[in-house]
Amino acid sequence: MTAFNDEAVTGDALRRTLGVSRRRFLSTCTAVTGAAIAAPVFGAAPALAQNRSEAVGDDRGRSALVPPHKRGIILYTVRDAIGRDPLASDLPSGFREVFKQLSRFGYRQVEFAGYGQHANAPGGADLGTVQGAKLLRSWLDEYGLRAQGSHGYIPPSWPLTPSDRDTFKRWLEIANILGIDHMGTGADPTNTPYRADWDVAAQKWNTLGAIACREGIKLYTHNHDSAYDFLLDGGPLDSQGRPTRSSGIRKLEYFLKVTDRKSVHLELDVFWAHVAQYKFHTYTAHDGSQRERVFDPAALVERNSTRFPLFHAKDGVVNLQSGLGYDMVPFGTGDIDYRRFFTRVGAKNYRNPMVEQDNAPSTSVPGQSLEFARIGYDNLAALRARH
């Protein structure tokens, strides 16, 4: 996670960008393993390894980079447990039992990724209603959890149709019942690389952000690697009159410039931001020259500090054969230097890191996602500042 400007991403530069030792880099480069997801690693990385009592203790004498009340998880990580039939398993099933288990691990915050669960769980299948939200809120309160975010509803229409506006407001109402400060989406504001389309997306998000702000909620967009690719904003036009070259600004960097800083925010998925760092480091400038600009996720947050209230704390092991640069693993068992990242971005009582692992659920190991959630909590809690 070292900051780079225009250094070429080759050889030692790439090794330093990915934050691994020369020996590890050479070993990875010569490996013949495929691009499959790495097998789960159940022990903490040496830099994070601590016993559980210390990890969940009162932090006396040490500086926790993520305070206890800010340690969260997005429920997508344990979606299989939420959707599990409680009549067919002794494992935690449905929202209430999963909340109970997450609270036992030490989590104090959750981020929703929908309000559906198994029909046999308490409350029934769909809790995305006013009454369902009140039930969810009672369970959150029961187990000392706070809902900090939700991947909710972003209207597809623009200009907004009356129906989409009403649906958006209903989702905001549910968020307020749950006590959620932030509502967003897991999709990019637009899927094209062209500046004109991002200008339109900014108009839409500024409007939605203003509506959400009036309801006391901050709107956010959550993004994967492609949103950090370079914007096409100049140079020769193609046959459809669209630009073919870039000024070197990334799509989300531009989005931050043209949206309202008070009502439109971002949730940085740290894993996918590092994938973007690996993938998108070269662009064709307006004059046709090839230029290097390595993405520094922490620097983007530093430059736009108040725009990033939420993170997905997701880890990866370097794998240069994967096409992504990393394989996803339980939080704290990979190569992403989270101690350095959280130290650099600061504002630890403002940020809300949510442990996430897309591939945590397993059909062959039904309890895996909750076990990985436990590992993730322990390693998040173990992060300490250097003295």
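The coordinates are above.
What counts, and where the lines are drawn
- Residues numbered from 1 in each chain as written.
- Predicted model: local features only at pLDDT ≥ 70, side-chain atom pairs only at ≥ 80, totals over all residues.
- Heavy atoms only, no water.
- Pairing = 2+ DSSP bridges.
- Helix = DSSP H or I, 4+ residues; strand = E, 2+ residues; numbered from the N terminus.
- Buried < 20%, exposed > 50% of the residue type's maximum accessible area, 1.4 Å probe, protein only.
- Lys, Arg positive; Asp, Glu negative; His and termini not counted.
- Salt bridge = Lys/Arg side-chain N within 4 Å of Asp/Glu carboxyl O.
- Contact = heavy atoms within 4.5 Å.
- Polar contact = N/O pair within 3.5 Å; in protein donor to acceptor, adjacent residues only side chain to side chain.
- Axes fitted to C-alpha atoms, helices over the stretch in contact; angles between N-to-C directions.
- Phe/Tyr/Trp six-rings, centres within 6.5 Å; stacked < 30°, edge-to-face > 60°.
- Lys NZ or Arg CZ within 6 Å of the ring centre and 35° of its normal.

Engineer: Before we go on, may I ask you to explain the pairing of strand 6 (residues 234-237) in this structure?
Structural biologist: Here strand 6 pairs with strand 7 (residues 243-245) via two bridges, running antiparallel. The partner of Gly 234 across the bridge, within strand 7, is Arg 245. Hairpin connection from strand 6 to strand 7: five residues lie between these consecutive antiparallel strands, with Gly 241 at a positive phi of about 80 degrees.

Engineer: Would you explain the side chain of Lys 251 in this entry?
Structural biologist: With respect to the helices and strands, Lys 251 occurs in helix 9 (residues 251-258). Although Lys 251 lies buried, it forms no salt bridge, and the closest oppositely charged side chain, Asp 229, sits 5.2 Å away as judged by the N-O distance. Sequence-distant contacts of Lys 251, defined by excluding residues within four places in its chain, comprise Thr 192, Pro 193, Trp 198, Ser 226, Ala 227, Asp 229, Phe 230 and Leu 231.

Engineer: Whenever I open this one, the side chain of Arg 351 confuses me. Can you help?
Structural biologist: When you line up the elements, Arg 351 lands in the loop between helix 12 (338-345) and strand 14 (352-355). For Arg 351, which is buried and forms no salt bridge, the nearest opposite charge comes from Glu 302, at a distance of 8.2 Å. Here the side chain of Arg 351 touches Phe 308 through a polar contact of 3.1 Å, landing on its backbone oxygen. Polar side-chain contacts of Arg 351 include one of 2.9 Å to the backbone oxygen of Val 345. Those residues within four positions of Arg 351 in sequence are excluded, and the remaining contacts are Lys 70, Val 301, Ser 305, Phe 308, Pro 309, Phe 311, Val 345 and Gly 346.

Engineer: Even after reading the chapter, I still don't get the sheet that holds strand 4 (residues 182-185), so can you show me in this structure?
Structural biologist: One key point about sheets: their strands pair by backbone hydrogen bonds, in either a parallel or an antiparallel sense. Reading around the barrel, the eight strands line up as 1-2-3-4-5-8-11-14 and close back on themselves, with parallel pairing between neighbours. Put simply, the sheet's adjacent strands are angled 30 degrees from each other on average, direction ignored. Relative to strand 11 (residues 310-313), strand 8 (residues 264-269) runs parallel, the two sharing three bridges. Its bridge partner lying in strand 11, Asp 269 is registered against His 312.

Engineer: Sorry, what's going on with the packing of aromatic side chains here?
Structural biologist: The relation between two aromatic rings is expressed through the spacing of the ring centres and the mutual angle of the planes. Considering all chains together, one arrives at 19 aromatic pairs under this definition. Each ring, one from Tyr 228 and one from Phe 295, has its centre 4.9 Å from the other, and the planes form 25 degrees; the classification is stacked. Taken together, the residues span a long stretch of sequence, with Tyr 228 in the loop between strand 5 (218-223) and strand 6 and Phe 295 in the loop between strand 10 (290-292) and helix 11 (297-303) at a distance of 67 residues. Here the two residues Tyr 228 and Phe 295 agree in accessibility, since each one is buried. Through a chain of ring-to-ring contacts, three or more aromatic side chains come together here, namely Phe 95, Phe 99, Phe 112, Tyr 115, Tyr 153 and Trp 171. In this structure, Arg 79 is placed above the aromatic ring of Tyr 76, and the distance from its NZ or CZ to the ring centre is 3.8 Å.

Engineer: Would you mind showing me how to read the pattern of salt bridges here?
Structural biologist: Pairing between side chains of opposite charge can happen when their charged atoms approach one another. For the coordinates displayed, the defined rule picks out 15 salt bridges. Among the ionic pairs, Arg 344 bridges to Glu 302, the shortest N-O distance being 3.0 Å. Note that Arg 344 is positioned in helix 12 and Glu 302 in helix 11, a separation of 42 residues in sequence. Overall, the relative accessible area of 18% leaves Arg 344 in the buried class. Using a relative accessible area of 40% as the deciding quantity, one classes Glu 302 as partly exposed. Among the charged side chains, a network of salt bridges with common partners joins Asp 269, Lys 314, Glu 356 and Asp 358.

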